[in-house]
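Fold and geometry: a report
For reference, the chains in residue letters:
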Amino acid sequence: LTGVLDDCLCDIESIDDFNTFKIFPKIQKLQERDYFRYYKVNLKRPCPFWADDGHCSIKDCHVEPCPESKIPVGIKAGSSNKYSKAANNSKELEDCEQANKLGAVNSTLSNQSKEAFIDWARYDDSQDHFCELDDERSPDAQYVDLLLNPERYTGYKGPSAWRVWNSIYEENCFKPRSVYRPLNPLAPSRGGLGSVCLFCWTGLCLEKRVFYKLISGLHASINLHLCANYLLEETWGKPRWGPNVKEFTRRFDPAETKGEGPRRLKNLYFLYLIELRALSKVAPYFERSVVDLYTGNGHEDAESKALLLDIFRDTKSFHMHFDEKSMFAGDKKGAKSLKEEFRLHFKNISRIMDCVGCDKCRLWGKLQTQGLGTALKILFSEKEIQSLPENSPSKGFQLTRQEIVALVNAFGR
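Naming follows an unreviewed UniProt entry, where the protein appears as ERO1B protein of Atrichornis clamosus. Under the UniProt heading Sequence similarities (unreviewed entry), the note attached to the protein is "Belongs to the EROs family." UniProt annotates the protein under Subcellular location (unreviewed entry) with the comment "Endoplasmic reticulum membrane".

**Here's the deal with the overall build of the protein**
Summing up its helical and strand segments, the protein has 13 helices and four strands in all. With 413 residues in all, the protein has 52% of them scored as buried. Residue pairs in contact within the protein that sit at least 24 positions apart in sequence constitute 79% of those at least 6 positions apart. Surface exposure of the protein reaches about 19700 Å², of which carbon and sulfur atoms provide 53%.

**Remarks on the packing of aromatic side chains**
Under the counting rule described, the total for this entry stands at twelve aromatic pairs. Arranged with centres 5.1 Å apart and planes meeting at 70 degrees, the rings of Tyr35 and Phe36 form a pair that is edge-to-face. Between the aromatic rings of Tyr285 and Phe286, the centroid separation amounts to 5.0 Å while the plane-to-plane angle is 80 degrees, which identifies the pairing as edge-to-face. Judged by relative accessible area, which is 3%, Phe286 ranks as buried. Connected via pairs of aromatic rings, a cluster forms that spans Tyr285, Phe286, Phe312 and Phe397. In this structure, Lys213 packs its charged tip against the face of Phe270, placed 4.5 Å from the ring centre. A cation sits over an aromatic face here: Arg401 above Tyr35, 5.1 Å from the ring centre.

**Brief notes about the pattern of salt bridges**
Side chains bearing opposite charge may pair, as long as their charged atoms lie close to each other. Applying the stated criterion across every chain, the model contains 17 salt bridges. Here Asp310 and Lys26 are joined by a salt bridge, their closest N and O atoms 3.0 Å apart. One end of the pair, Asp310, is in helix α9 (residues 298-317); the other, Lys26, is in helix α1 (residues 12-31), with 284 residues separating them in the sequence. Using a relative accessible area of 23% as the deciding quantity, one classes Asp310 as partly exposed.

**Examining the side chain of Asp301**
Positionally, Asp301 belongs in helix α9. An unpaired buried charge is present at Asp301: no salt bridge exists, and Arg33, the closest side chain of opposite charge, is 7.4 Å distant. The residues contacting Asp301, other than those within four sequence positions of it, are Leu293, Tyr294, Thr295 and Gly296.

**Side note on the packing of α1 against helix α13 (residues 401-412)**
One can describe the packing of α1 onto α13 by two numbers: an axis separation of 10 Å at closest approach and a directional angle of 135 degrees. The angle between α1 and α13 places the two elements in the oblique class. For the element pair α1 and α13, the recorded crossing hand is left-handed. On the side of α1, the interface is formed by Ile23, Ile27, Leu30 and Gln31, while α13 contributes Val408, Asn409, Phe411 and Gly412. Of the residues contributing to the contact of α1 with α13, the split by class is five nonpolar, three polar and no charged.

**Side note on the nonpolar core**
Judged by nonpolar contacts, the single largest core of 91 residues is most densely connected at Val282 and Phe286. Broken down by element, this core gets its largest block of residues, 13 residues, from helix α8 (residues 261-287). When near neighbours in sequence (up to four residues on either side) are disregarded, Val282 contacts Phe312, Ile378, Ile385, Phe397 and Leu399.

About the cut-offs
Residues numbered from 1 in each chain as written. Predicted model: local features only at pLDDT ≥ 70, side-chain atom pairs only at ≥ 80, totals over all residues. Heavy atoms only, no water. UniProt positions renumbered as here; feature names shortened; annotations may be inferred. Helix = DSSP H or I, 4+ residues; strand = E, 2+ residues; numbered from the N terminus. Buried < 20%, exposed > 50% of the residue type's maximum accessible area, 1.4 Å probe, protein only. Contact = heavy atoms within 4.5 Å. Areas by Shrake-Rupley, 256 points an atom, 1.4 Å probe, with all protein chains shown as cover. Phe/Tyr/Trp six-rings, centres within 6.5 Å; stacked < 30°, edge-to-face > 60°. Lys NZ or Arg CZ within 6 Å of the ring centre and 35° of its normal. Salt bridge = Lys/Arg side-chain N within 4 Å of Asp/Glu carboxyl O. Lys, Arg positive; Asp, Glu negative; His and termini not counted. Axes fitted to C-alpha atoms, helices over the stretch in contact; angles between N-to-C directions. Parallel < 35°, antiparallel > 145°, perpendicular 65-115°, else oblique. Left-handed = near helix turned anticlockwise from the far one by under 90°. Nonpolar A, V, L, I, M, F, W, Y, C, P; charged D, E, K, R; others polar. Core = buried A, V, L, I, M, F, W, Y, C linked by side-chain atoms within 4.5 Å.

Okay, here's the thing in structure tokens:
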């Protein structure tokens, strides 16, 4: 890919250089810190749009119901995972531990981590939340170590996966007038599953183009991760993961996608720009002394915040940011209505992620969707962020720990 991106004065080469040499090494270090590596998620929420019949049939594509020796009792999610001592005999534990971990979410946590979560919850409860997420307090919500659960190909594909993306594009997204999509996901198609092409932007305002490109960029991002960390072979129970060039070509090569592959990748760059802009805009929120990345370890917390502020300084130095001021800049009534439509569309997409049939795919889908939602919340709250008091929490703008973790990890993806 080369050249300038649509709807912004930015070229791909500049983004590549900036990310490779400034952002990526630091964001990678930040993701490894305790504050950012644990994400609380409810993987048991039912799909609100259709009968939940699409669960991945591949062995261990879901969270293993067997208890693992290192999971504290209080961390286990829901009553379905409560077992009596008699049930936890050594044979069952051995069988569980020997099972394939192809798509299973590794929810192993240490007692030290468990104690930190109690402190984090107590700390979050003392803040004035801008938006309270019901999901966090559900008995089915559980902490997941993101470093032990990398996003990668689990074998989840076919009608169930296609149905999720089809619902996102067809029912919940501002889209170009002319859109090509295969009607039957199992039929042979040069474009593969979920391909979109034949764009016609006539009459589609900037805000709707932006929304569509963000969703397309998110789709491209997820597909790239699956291609880059693919199960190449599994011999004697030892899986080998690595880049799958053939799969990448199938999803992105112009000849395989009716010319749409490069556009999908350009939308990924556009998504990067939007989240980069959000990070530069939210910096004043974190620069205040009242905001800590609290884990209970004072030394590590200080280092984490210093690294985060260093990343913010880099984001501010980028000289070709997307100008979000061009959005929702029409008459006040029309702009307010469009912004609300924008918000409701995105909220619906986040709910569709509960329809993903593979738990590991659902985990990363929910995290990246929440991260993008947090970025949009930041971009729409510039005045509130600028007027934050230095030494006290504000009701005007607040981020929960969940939103912060999702924002950083989604941008890292």
